Amino acid sequence: MSWGILVRKILSSALLATLIIAAVPAAMAGDAKPAPAQDSANADGFHLPAFPADAHVSQSAVVGGRTLKYTVTVGSLPVRDEKGNVTAQVVFTAYTMPGKDRPVTFAINGGPGASSVYLNFGAIGPKRVNFGVDGDNPSDPATLHDNPGTWLGFTDLVFIDPVGTGYSRALVPDDKATKLFYSTDNDIKYLSRIVYDWLVKNGRMESRKYLVGESYGGFRGPRITEYLQTQLGVAMNGMVLLSPYLDAASSDDGNVSPLPWMLTLPSIAAAYLEREHRLTPQAMAPIIDYTRTGYAVALMKGRSDPAANEAMLQKVSELTGLDPVFVKRSGGRIETQAYLREVYRAEGKLGSRYDSNVTAWDPFPYAPHQVGGDPILNGIIAPTTTAMVNFVTQTVGWKYYGRYNALSYEVNNLWHEDDDANKGSVSQLREAVANDPSLRVLIAHGWDDLSCPFMASVLIVDQMPEMGDATRVQVKEYPGGHMFYARPSSQALLLDDVKVLYGAR
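Worth saying up front: this structure is predicted, and the values here are computed from it rather than measured. Each chain has its residues counted from 1, following the order in which its sequence is written. For this predicted model, a pLDDT threshold of at least 70 governs which residues receive local features, and a threshold of 80 or more governs which side-chain atom pairs are given and counted, while totals over whole chains, interfaces and linings are taken from all residues. Only heavy atoms go into the side-chain values, all of them from the structure, while hydrogens and water stay out.

## Examining the overall build of the protein
Move 1: Along its length, the protein carries 16 helices and 16 strands.
Move 2: Taken over C-alpha atoms, the radius of gyration comes to 22 Å for the protein, in line with the 23 Å a tight globule of 505 residues would show.
Move 3: The rule is simple: take the accessible area with a 1.4 Å probe, protein chains only, and divide by the maximum for that residue type; under 20% is buried, over 50% is exposed, in between is partly exposed. Buried residues in the protein amount to 58% of all 505 residues.
Move 4: Using a 1.4 Å probe, accessible areas were evaluated by the Shrake-Rupley method; residue-level cover was limited to the displayed protein chains. For the protein, the exposed surface amounts to about 19,900 Å²; the carbon and sulfur share of it is 52%.
Move 5: Just so you know, the count uses Lys and Arg for positive and Asp and Glu for negative, and it drops His and the chain ends. A single reference atom marks each charge: NZ on Lys, CZ on Arg, CG on Asp, CD on Glu. In the protein, 45 positive and 52 negative side-chain charges are present, and the distance between their average locations comes to 3 Å. In this description a helix means any DSSP run of H or I spanning at least four residues, a strand means any run of E spanning at least two, and both kinds are numbered starting from the N terminus. For the radius of gyration, the atoms used are the C-alpha atoms, and the globule rule reads 2.2 Å times the number of residues raised to 0.38.

## Concerning the confidence of the model for the protein
Move 1: Scored from 0 to 100, pLDDT reflects the predictor's confidence in each residue. Across the protein, the average pLDDT comes to 89, with 91% of residues at 70 or higher.
Move 2: Within the model, the stretch residues 1-41 combines pLDDT values under 50 with 166 contacts to residues more than four positions away or in other chains. We call two residues in contact whenever any of their non-hydrogen atoms come within 4.5 Å of each other.

## Here we look at the side chain of threonine 150
Move 1: Tracing the backbone shows threonine 150 in the loop between β8 (145-146) and β9 (156-161).
Move 2: For threonine 150, a relative accessible area of 4% gives the class buried.
Move 3: Within the local environment of threonine 150, its side chain forms a polar contact with the backbone oxygen of isoleucine 124, the two atoms lying 2.8 Å apart.
Move 4: What threonine 150 contacts, discounting residues up to four positions off in sequence, is Val63, Leu68, Ile124, Gly125, Pro126, Leu157 and Leu495. Think of a polar contact as two N or O atoms within 3.5 Å of one another; within protein, one of them needs to be a possible hydrogen donor and the other a possible acceptor, and neighboring residues in sequence only count if both atoms come from side chains.

## Here's the deal with unusual backbone geometry
Move 1: Residue glycine 111 is joined to proline 112 through a cis peptide bond whose omega torsion reads -5°.
Move 2: The topology assignment puts proline 112 in the loop between β6 (104-108) and α2 (117-124).
Move 3: Positive phi is not limited to glycine here, since aspartate 101 has a value of about 60°.
Move 4: Relative to the elements of secondary structure, aspartate 101 occurs in the loop between β5 (86-96) and β6.
Move 5: With a relative accessible area of 60%, aspartate 101 lands in the exposed category.

## Focus on the packing of helix α4 (residues 184-201) against helix α5 (residues 216-232)
Move 1: Only the stretch in contact is used when a helix axis is fitted, and all axes are lines through C-alpha atoms; the angle between N-to-C directions ranges over 0 to 180 degrees. Between α4 and α5, whose axes approach to 9 Å, the crossing angle comes to 65°. Relative to α5, α4 is oriented roughly perpendicular. In the packing of α4 onto α5, the handedness of the crossing is right-handed. Residues Thr184, Asp187, Ile188, Lys189, Leu191, Ser192, Arg193, Val195 and Tyr196 of α4 lie in contact with α5, whose contacting residues are Tyr216, Phe219, Arg220, Arg223, Ile224, Tyr227, Leu228 and Leu232.
Move 2: By the convention adopted, Pro, Cys, Tyr, Trp, Phe, Met, Ile, Leu, Val and Ala count as nonpolar, Lys, Arg, Asp and Glu as charged, and the other residues, Gly among them, as polar. Taken together, the residues of the contact of α4 with α5 sort by class into 10 nonpolar, two polar and five charged. Should an angle fall under 35 degrees it is called roughly parallel, over 145 degrees roughly antiparallel, and 65 to 115 degrees roughly perpendicular, with every other angle called oblique. Should the near helix be turned counterclockwise from the far one by less than a right angle, the crossing is left-handed, whereas a clockwise turn marks it as right-handed.

## Here we look at the packing of aromatic side chains
Move 1: Working definition: rings of Phe, Tyr and Trp (its six-membered ring) pair if their centres are within 6.5 Å, and the pair is stacked with planes under 30 degrees apart, edge-to-face with planes over 60 apart, and tilted otherwise. Summed over all chains, the structure comprises 23 aromatic pairs.
Move 2: Arranged with centres 6.1 Å apart and planes meeting at 80°, the rings of tyrosine 216 and tryptophan 415 form a pair that is edge-to-face. Placement of the pair is tyrosine 216 in helix α5 and tryptophan 415 in the loop between α12 (409-414) and α13 (419-422), with a sequence separation of 199 residues. Judged on exposure class, the residue tyrosine 216 and its partner tryptophan 415 are both buried.
Move 3: Measuring from centroid to centroid gives 5.1 Å for tryptophan 447 and phenylalanine 454, while their planes differ by 90°, and the two rings are edge-to-face.

## A word on α2
Move 1: Counted residue by residue, α2 has eight buried out of eight residues, so it is predominantly covered.
Move 2: Along α2, the residues that are buried comprise Val117, Tyr118, Leu119, Asn120, Phe121, Gly122, Ala123 and Ile124.

## Concerning the nonpolar core
Move 1: Of all hydrophobic cores here, the largest spans 58 residues; its most connected members are Tyr95, Tyr118, Trp151, Leu242, Trp398 and Leu494.
Move 2: Per-element accounting of this core gives the leading share, eight residues, to helix α11 (residues 375-396).
Move 3: If near-sequence neighbours (up to four positions away) are discounted, tryptophan 398 is found in contact with Phe51, Pro52, Ala53, Asp54, Ala55, Val74, Gly75, Val91, Tyr167, Val392 and Thr393.
Move 4: Here, nonpolar core refers to any group of buried Ala, Val, Leu, Ile, Met, Phe, Trp, Tyr and Cys residues whose side-chain atoms link them within 4.5 Å. Val104, Ile160, Tyr196 and Val473 belong to the second-largest nonpolar core, a separate cluster that totals 51 residues.

## Regarding the environment of leucine 322
Move 1: Residue position: leucine 322 is located in the loop between α8 (306-320) and α9 (324-329).
Move 2: Exposure remark for leucine 322: the relative accessible area of 7% places this residue in the buried category.
Move 3: Put simply, leucine 322 and alanine 269 are 53 residues apart on the chain and 9.6 Å apart in space, counted from C-alpha to C-alpha.
Move 4: Not counting residues within four places of it along the chain, the set of residues in contact with leucine 322 comprises Ser317, Val327, Ile334, Tyr339 and Val343.

Encoded structure:
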């Protein structure tokens, strides 16, 4: 299954969330001009109100007993074609503090079709809104409060909304936008150029530079880093990839390959351990070892070794807590959506693909397949949209009243499927690390994430050559799911590991 098909399948069932994709290099930063102030039609007949000038506001947050005083800037950068025509406008939100030699970190979410609000108001920005954990409701007040897990204490932050997400917009018709922005290679090129242009515009080319990407943003991360290194002459000092989907093809061909089932079994087992209040790294270690060994071997043997198959079925039932009859009928190959219904069927609920211990009522419990959307995905759009719109238009004063897309299904539907996406980003990860002996990478996952399971990254990194220092690329796991940072305890663990990467401890 190609990556584009996978994403569309997930989003059509409301089962995935995080970033968008796009298109061609912008013009040199020195040549970039703001959009015309008046409303005017371009060559394609678009009549859109001009974006306002960049807006700024001073704010503060108290984090760990320290008061952070910072400036928020909301603004836009143009994307230009090879003739210099503005084809899109990308909106960013930047948090900067005074201080010599402060690093700058660029943050991108995934999807394709998600804005950066999830990283901004959930993971690493100075303010956060509650979402993504059991008990959070879409209608709860979207109140921002100081974020104890923010990275602003040791790095400036720039959140980028790809074209079609947030307020960022294409200035060309959909067919052109698909070609220019909603395809793998062009997406990497224009987003890399946005990073370059922001650095030039703000005089930060000599700053230490980092990139953080979540989900499909994690797919983008190695590709953007390698493109910046080799094409635009900008070297990142480090990458943090949160719940990344680095190798789409690893989930293909579950009829023959054991790999798709190896990727998800440990996360299903982790969810069971958590429900039993027994989830620890020590408890997960033998499960990971079994997945690599006995489970993989039994799946490969199939019907040629009935005894091994029977032992595997018993072991999978034991590890997951699932009904042995269900496990046997599944052949020990636990399909994600079937599991998410089965585990809570007696309660009339569904588990979330992003964290199967977060549930919602199943609105169609008697349907043969899941009909309703994902419990987490359906619940996060309202609070993040409300919080971001109020923050941008009222608090910062960037007075634009177009629609804000926290998660754009339209962008995902327009996404161009190509073979390049299915190749993943593992090659670019290896090349970026090989290109720069100082580059360090942290790959962080929640144990209980079935959309981008941690086991995939564990296997990917274990197959990489050491290239002088094996610790330069590390995988860390924490309690929680795709957005594990929504849990304060897991966010605190992530913060400690990130500080090591930045040399900020």
